[in-house]
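The chain contents come next:
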Amino acid sequence: MTELTRGVIGDITEGAHPDNPVLQILSMKKIPSGEQERYRLLVSDGQYSSSFAMLATQLNSKVQSNEISNNCIVKMVRYLCNTVQESKKVLIILDLEVLKSGSEVGHKIGEPVNYDPNKIRQELEPSRQMMSMAQPQASKQSGGVPQRNPLAQRNPPNYGSGSPSKTPNGGRVHCIAALSPYQNKWTVCARVTNKSAPRTWSNSRGEGKLFSVDLIDESGEIRATAFNEQMDKFYDLLEINKVYYISGATLKQANKQYSNLNNEYEMTFNRMTEITPCHDSTAIPMMQYSFVSLDQLDKVNKDSIVDVIGVCKDSMEVVNINTRTGRETKKRDIQIVDDSNREVRVTLWGVSAESFDGSQQPVIAIKGAKVSDYNGVSLSLVSSSSFQINPDISEAHKLKGWFDNGGNSIDTINLSNQRGGASGGVGTVFKTLGEAKLENLGGRAADQADYYSVSATVSFIRKDNCMYPACPGEGCNKKVLDLNNGLYRCEKCNREYDTFNWRLMLSVNLADITDQVWVTMFQDQAEIVLGSTAQELGTMKDNNKEAFDKVMMDAAFKTYNFKIRVKMETYNDESRLKSVVVGVTPTDPKEYARRLISEIKQLSGQA
DNA sequence: CCCCCCCC
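Residues numbered from 1 in each chain as written. Chains lettered and ligands numbered in written order. Predicted model: local features only at pLDDT ≥ 70, side-chain atom pairs only at ≥ 80, totals over all residues. Heavy atoms only, no water.

1. What about the sheet that holds strand β25 (residues 481–482)?
Stated formally: Strand pairing is assigned whenever DSSP identifies at least 2 bridges connecting the two strands. A helix here means a DSSP run of H or I that spans at least four residues, while a strand means a run of E at least two residues long, and both kinds are numbered starting from the N terminus.
Taken in spatial order, the three strands of this open sheet run β25-β26-β27, and their pairing is antiparallel. Each having just a single partner strand, β25 and β27 (495–497) make up the two edges of the open sheet. Bridge count for β25 against strand β26 (residues 488–490) is two bridges, and the pairing is antiparallel. Counterpart to Asp-482 in the pairing with β26 is Tyr-488.

Okay, structure coming up:
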């Protein structure tokens, strides 16, 4: 039978820090606090009950998954007790193990009395007992009366693992998790885990420069930003991996769209802010992650920021990329896999891309990757992201063990199915034409393309102007002018040729059961749909109109999987969505039926 | 007070 650590709530509020105390969670309350929800818990040690406990936000998922529920018995593996508002105690549970589920226990154990530090401890009876499932022999040795854990009081009070509890001025160190805009006198002791490059901005509200850092302590994490003068003051002082006392910054609601740090607030340094290095800091953790298992990524919204960990199964070469804004940069795609048997593509940029070495198939832990819907799901690092190679954390060791013991040869599902993964075909997410219109694909921003795949039928092909004589110059393909003297002039190459190539630029209407759309198909795709080469068609067009018309006729009412790029394009101040087919394969009826079945299962909740 | 973050 699982026993509670009787009386331990009193011990903890008095400053003790026993290892692995066992409590029962009597009830939970969601605290309304902005976007980041928090749970306050009514806990019992069998003797006392108190609602002073809060769940660290990284454990919220255990409530949502019902692993933590009313009446469950938990062992507090990591916790800390802080004083807020002069004398109020708050217990923050950083990590716990559920020993017995709420449904297994089913009721409140004993008759705990509400703990009031000023009253109850004086009336305390002497036999406070430690009983735990983990130490049955301890209770036997002491003649059936379990003793308190002898290690219980060795740790210093308040901070579990010896983090500084005093500031250099002798004040108390606050924990990051307890910071809020409603508290104005505080000092935290925090490690910098990430530091951005300096950046400037200029918009209608003004211009300036800034940089930001991610700060963590044992209780939690927070982002801090320094603008203008504060950037000049603190940029060189704050170094990654070093620890600082920080006080007097502004706290405001964090915009979760741009961060996945587990904090509903973020910090802005101001002219009152003081930052001094801390040299007594071994216990401040190095990094805090909230990993999302790869099999959960398809449930995450596009553009979300997530932490992931995986084994780098495959690493592509570095390639040069020209961005839309004309800048040149480098990228490297890697493929990471985890023990949910999923793999996903991750894109690294710039220096990270160049220096990354995937040859030893390392574990990579990524903080703050951005979720993209390209080819299903893929991830991309952004400037606020960071990653660690083979970090010394349990998740990494667990994954490496899984990978080396068979995980590396498992047939995984590739969420970024560009390499012949589970769903095959032309890649990207399948939608109906109706869905593509409804989701406003391509309409989010100028010059921003969206891709989707659709199984659709060719309903009409425009014959007029469907092909043109093109420049035979290597990779040119521009339209040439027939000089009617056997020469053809290309304006782009600024020269005449004695020959030209036929190029197709086909305007095609596609239909499925939901809608229709006009798309453009260039050479390669048009040749597949027409079943003839551009050269053959060019000859027919000039010499055998009947054969040409027959090709066009025969091409209609055939069904393909089209991969379509949608983009907003503007001509003469008029914007319209333009759809270009970038891939065509015949629809395989078996694969199509399988996809429909899987969609039906998902819609009916069976998947 | 930023929040752009790239390519297929």
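2. Observations regarding the pattern of salt bridges
This is how it is decided: What counts as a salt bridge is simple: a side-chain nitrogen of Lys or Arg found within 4 Å of a carboxyl oxygen of Asp or Glu. For each residue, the accessible area found with a 1.4 Å probe, counting protein chains only, is set against the maximum for its type, and the residue is called buried under 20%, exposed over 50%, and partly exposed in between.
Tallied over the entire structure, the rule returns 25 salt bridges. Ionic pairing is found between Lys-550 and Asp-554, a salt bridge with its closest N-O pair at 2.7 Å. In this pair, Lys-550 and Asp-554 are both assigned in helix α11 (residues 545–555), four residues apart and thus about one turn of the helix distant. The class for Asp-554 is partly exposed, based on a relative accessible area of 38%. Taken together, the salt bridges that share partners define one network made up of Glu-221, Asp-307 and Lys-367.

3. Quick look at the packing of aromatic side chains
The line we're drawing: Pairing of aromatic rings covers Phe, Tyr and the six-membered ring of Trp, with a centre-to-centre limit of 6.5 Å; geometry is then stacked below 30 degrees between planes, edge-to-face above 60, and tilted otherwise. Distance and angle both matter: a charge sits over a ring if NZ of Lys or CZ of Arg is within 6 Å of the ring centre and within 35 degrees of the ring normal.
For the structure shown, the criterion picks out 12 aromatic pairs. Between Phe-500 and Trp-502 the ring centres are 5.2 Å apart and the planes differ by 85 degrees, which places this aromatic pair in the edge-to-face class. Grouped by ring-pair contacts, the aromatic residues Tyr-488, Phe-500 and Trp-502 constitute a single cluster. If you follow Lys-195 out to its NZ or CZ, it ends over the ring of Tyr-235, 3.8 Å from the centre. The ring of Trp-518 is capped by Arg-462, whose NZ or CZ atom sits 4.2 Å from the centre of that ring.

4. Comments concerning the protein's contact with DNA strand B
Where we set the bar: Any residue with at least one heavy atom within 4 Å of a molecule or strand is counted as near it. Here a polar contact is taken to be a pair of N or O atoms separated by no more than 3.5 Å, where protein atoms must pair a possible hydrogen donor with a possible acceptor and residues adjacent in sequence count only if both atoms sit in side chains. Three categories are distinguished: nonpolar for Ala, Val, Leu, Ile, Met, Phe, Trp, Tyr, Cys and Pro, charged for Asp, Glu, Lys and Arg, and polar for the others, with Gly belonging to the last.
Inspection of the region around DNA strand B gives 24 residues, with Arg-199, Arg-223, Lys-252, Arg-324 and Lys-331 positioned closest. By atom count, sugar and phosphate contribute 39% of the portion of DNA strand B lying within 4 Å of the protein. Within the side chain of Arg-223, one N or O atom sits 2.6 Å away from a base nitrogen of DNA strand B. Every element with two or more residues in the surface near DNA strand B is listed here: β8 (199–203), β10 (221–227), β16 (319–322), β17 (328–337) and β18 (342–349). Of the residues contributing to the surface near DNA strand B, the split by class is eight nonpolar, seven polar and nine charged.

5. A look at the nonpolar core
The line we're drawing: Side-chain atoms within 4.5 Å are what join buried Ala, Val, Leu, Ile, Met, Phe, Trp, Tyr and Cys residues into a set we call a nonpolar core.
Residues Leu-506, Leu-510, Met-521, Leu-530, Phe-562 and Ile-564 are the most contacted members of the largest nonpolar core, which totals 41 residues. Phe-52, Leu-59, Val-74 and Cys-81 belong to the second largest nonpolar core, which has 24 residues in total.

6. Points about a nonpolar patch on the surface
This is how it is decided: Residues qualify for a patch when their relative accessible area is over 30% and they have no salt bridge, like charges being joined within 9 Å and the nonpolar side chains of Val, Leu, Ile, Met, Phe, Trp and Tyr within 5 Å. Under the convention used here, a 1.4 Å probe and the Shrake-Rupley method define accessible areas, while residue burial counts only the protein chains that appear.
A surface patch of nonpolar side chains, about 230 Å² in accessible area, is lined by Leu-481, Leu-483 and Leu-487. With respect to the element layout, Leu-481 can be found in strand β25. The class for Leu-481 is exposed, based on a relative accessible area of 52%.

7. Here's the deal with the confidence of the model for chain A
Low-pLDDT portions of the prediction should not be read for the details of their coordinates. Here is the rule we go by: The pLDDT value tells you how sure the predictor is about a given residue, anywhere from 0 up to 100. We call two residues in contact when some of their heavy atoms are within 4.5 Å.
On average, residues of chain A carry a pLDDT of 85, and 87% of them reach 70 or more. Mean pLDDT values over the elements of chain A span from 34, in helix α4 (residues 136–141), up to 97, in helix α5 (residues 228–234). Confidence drops under pLDDT 50 across residues 122–161; counting only partners more than four residues distant or on other chains, this segment forms 63 contacts.

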